[in-house]
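Okay, here's what each chain looks like letter by letter:
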Amino acid sequence: MAIGVFDSGVGGLSIHHALVNRLPQADFIYLADQANTPYGDKTGEQIVELTRQGCETLFDAGASLVVLACNTASAVALRRLQSTWLAQFRKTYGRPVNVLGIIVPTIEAATGLPWEHEAERRGPKIEKLDVIGIFATRATANSRVYEIEIDKRRQDLAVFTEPCPGLADMIEQGAGQEALKAKIEAHVQALRLRIGRFPDRAILGCTHYELVAELFRAALPEGTPIIHQPPSVAKALGDYVTRHPDYDIGNSGRRAFFTTGAPKSQSTLIEAFWGAPLTFEAVSTAPRSLTA
Ligand code: DGL
């Protein structure tokens, strides 16, 4: 059995890397839905259905836990899947399985509060002091998940999300540094104009953006703290598997990488992040035991 890691493409490798470091003995299966990337401009219904298919493929391949290493799937699909398909699926599947997202640990990192904490609403709102700027896909931005969940917990934080349509796809396709730099700078400036100043902190709310975190760092004023998702997600998963030993995550340190797209080598941008050539094997429909 294994931990499944799912993304529309290679962005989830930024999360996968941290998970593997945290749980080196566990077996991991990574699935990139490159036949359908990018998710950020798809409808909610499409994102829910593609995420469901990805989870089912990973369960059938031997995953007991699936981490949605994708903000778009976590923001748009996770709650829907948990309350509909997953609830039913778990009853009939024959072994314990679950799907976890990456929004909760990110909000905990941004607020410094456990997820269970919701601010008591007493009297008028406190004046907003600290501004968090979030860079995300259009679908994540439209879900307003970060604004809603942070506002429930910390009324002294103001959240502005900047949708960056096309950016995840540029990263996925291995666009050059100059083109990426220009696009990221334009989005940082667009957010600054909307807020009226630069944000005090930033969240890279799309796992693809983590692969070009240095370009965000350079476009933001020097020293702007960036909340990185991978360490927060890795800590949350480590705590989760300790609390839930009933999920079998394997213990032979096996790594498998699959794509619904063509099993080509990934771009130099991705390989530079990964530190080695990376070729995915092709998978189309839910096969039995990809790690066998
Ligand atoms: N990497 C994903 C995310 O975190 C999805 C990007 C996309 O497919 O648009 O949102």
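For the structure itself, consult the block above.
Residues numbered from 1 in each chain as written. Predicted model: local features only at pLDDT ≥ 70, side-chain atom pairs only at ≥ 80, totals over all residues. Heavy atoms only, no water.

### As for the state of the cysteines
A covalent bond bridging the sulfur atoms of two cysteines is what the word disulfide describes. What counts here: Cysteine sulfur pairs qualify as disulfides if the two atoms are within 2.5 Å.
Considering all chains together, one arrives at 0 disulfides under this definition. Left unpaired, Cys70 is separated from the closest cysteine sulfur, that of Cys206, by 6.9 Å.

### Brief notes about the site of the ligand
Cut-off, in case you're wondering: Any residue with a heavy atom positioned within 4 Å of a molecule or strand is treated as near that molecule or strand. We define a polar contact as two N or O atoms separated by no more than 3.5 Å, with the added condition that, inside protein, one atom must be a possible hydrogen donor and the other a possible acceptor, whereas residues neighbouring each other in sequence contribute only through side-chain atom pairs. To be clear on the numbers: accessible area is Shrake-Rupley with a 1.4 Å probe, and residue cover counts the displayed protein chains and nothing else. Grid points spaced at 1 Å and placed over the protein atoms alone form the basis of the search, with a cavity being a set where a 1.4 Å probe fits but cannot get out and a pocket an open set showing protein on both sides within 12 Å along at least five of seven lines. Lining residues have an atom within 4 Å of a point. Criterion for pocket placement: a molecule counts as inside a cavity or pocket if more than half of its atoms are within 2 Å of its grid points. Each residue gets one label: Ala, Val, Leu, Ile, Met, Phe, Trp, Tyr, Cys and Pro are nonpolar, Asp, Glu, Lys and Arg are charged, and the others, such as Gly, are polar.
Taken together, the neighbourhood of the ligand is formed by 14 residues, with Ser8, Tyr39, Asn71, Thr72 and His208 sitting nearest. Between the ligand and Tyr39, the relevant distance is 2.6 Å, taken from an oxygen atom to a main-chain nitrogen or oxygen of the residue. A total of 300 Å² of accessible area belongs to the ligand in isolation, and the protein chains cover 99% of it. According to the grid-proximity analysis, the pocket containing the ligand is the largest cavity. Considered class by class, the residues forming the shell around the ligand number 5 nonpolar, 8 polar and 1 charged.

### Quick notes on the side chain of Thr140
Rules: To qualify as a helix, a DSSP run of H or I must reach at least 4 residues; to qualify as a strand, a run of E must reach at least 2; elements of each kind are numbered from the N terminus. The classification of residues rests on relative accessible area computed with a 1.4 Å probe and restricted to protein chains. Under 20% of the type maximum is buried, over 50% is exposed, and intermediate values are partly exposed. Contact definition: two residues touch when any of their heavy atoms are within 4.5 Å.
Inspection of the secondary structure puts Thr140 in helix α7 (residues 138-143). Residue Thr140 is classed as buried on the basis of its relative accessible area of 2%. Setting aside residues up to four positions removed in sequence, Thr140 forms contacts with Asn71, Thr72, Ala75, Val145, Tyr146 and Gly205.

### A look at the packing of helix α6 (residues 103-111) against helix α8 (residues 145-153)
Quick reminder of the rule: Note on geometry: axes are lines fitted to C-alpha atoms, helical ones only across the stretch in contact, with angles between N-to-C directions running from 0 to 180 degrees. In these notes the angle categories are as follows: under 35 degrees is roughly parallel, over 145 is roughly antiparallel, 65 to 115 is roughly perpendicular, and the rest is oblique. In this scheme the handedness of a crossing depends on how the near helix is turned from the far one: anticlockwise by less than a right angle means left-handed, clockwise means right-handed.
The contact between α6 and α8 brings their axes to 10 Å, and the two run at 50°. Compared by their axis directions, α6 and α8 come out oblique. The handedness of the crossing between α6 and α8 comes out as right-handed. From α6, Ile103, Thr106, Ile107, Ala110 and Thr111 reach across to α8, where they touch Val145, Tyr146, Glu149, Ile150 and Arg153. Residues that form the contact of α6 with α8 fall into these classes: 6 nonpolar, 2 polar and 2 charged.

### Examining helix α1 (residues 13-22)
Burial within α1 is extensive, with 7 of its 10 residues counted as buried. Leu13, Ser14, Ile15, His16, Ala18, Leu19 and Val20 are the residues of α1 that are buried. Summarising the contacts, the buried residues of α1 are in contact with β1 (2-7), β2 (28-32), β3 (63-68), α12 (229-243), β9 (255-259) and α13 (268-274).

### A short note on the sheet that holds β1
Threshold: The pairing criterion for strands is at least two bridges between them, as found by DSSP.
A sheet is described by the order of its strands in space; here 6 strands give the open sequence β4-β3-β1-β2-β9-β10, paired in parallel fashion. Of all the strands in the sheet, just β4 (98-100) and β10 (281-282) have a single pairing partner and so form its edges. Sheet analysis places β9 next to β10, joined by 2 bridges and oriented parallel. The residue of β10 that forms the bridge with Thr259 is Ala282. Contacts from α12 reach β1, β3 and β4 within the one sheet, and its direction differs from that of β3 by about 155°.

### So, the sheet that holds strand β7 (residues 201-204)
Strand order in the open sheet made by the 4 strands is β6-β5-β7-β8, with parallel pairing throughout. Strands with a single pairing partner mark the edges of an open sheet, and in this sheet they are β6 (157-163) and β8 (226-227). The pairing of β7 with β8 spans 2 bridges and is classified as parallel. Along β8, the bridge assignment pairs Ala202 with Ile226. Where α6 meets the sheet, it contacts β5 (130-136), β6, β7 and β8, and its direction lies at approximately 170° from that of β7.

### Remarks on the pairing of β7
Note the following rule: Every crossover in which the path from the first strand over the helix to the second runs clockwise, viewed with the strands pointing away from the viewer, is termed right-handed.
Here β7 shows a buried face lined by Arg201 and Ile203 and a second buried face lined by Ala202 and Leu204. Sheet topology note: the β5/β7 ladder contains 4 bridges and is parallel. When the bridges of β7 are listed, Phe135 appears paired with Leu204. Viewed along the sheet, the connection from β7 through helix α11 (residues 213-219) into β8 turns out right-handed.

### Some thoughts on empty space enclosed by the protein
Worth spelling out the cut-off: Grid points are joined across faces, edges and corners, and a volume is the space filled by probe spheres set on the points.
On inspection of all chains with the given rule, the structure shows 1 cavity of 30 Å³ or more. In this structure, the largest cavity encloses a volume near 70 Å³. Ser8, Thr72, Thr137, Cys206 and His208 are, among the 13 residues lining the largest cavity, the residues nearest its centre. Of the residues belonging to the lining of the largest cavity, the class tally is 5 nonpolar, 7 polar and 1 charged.

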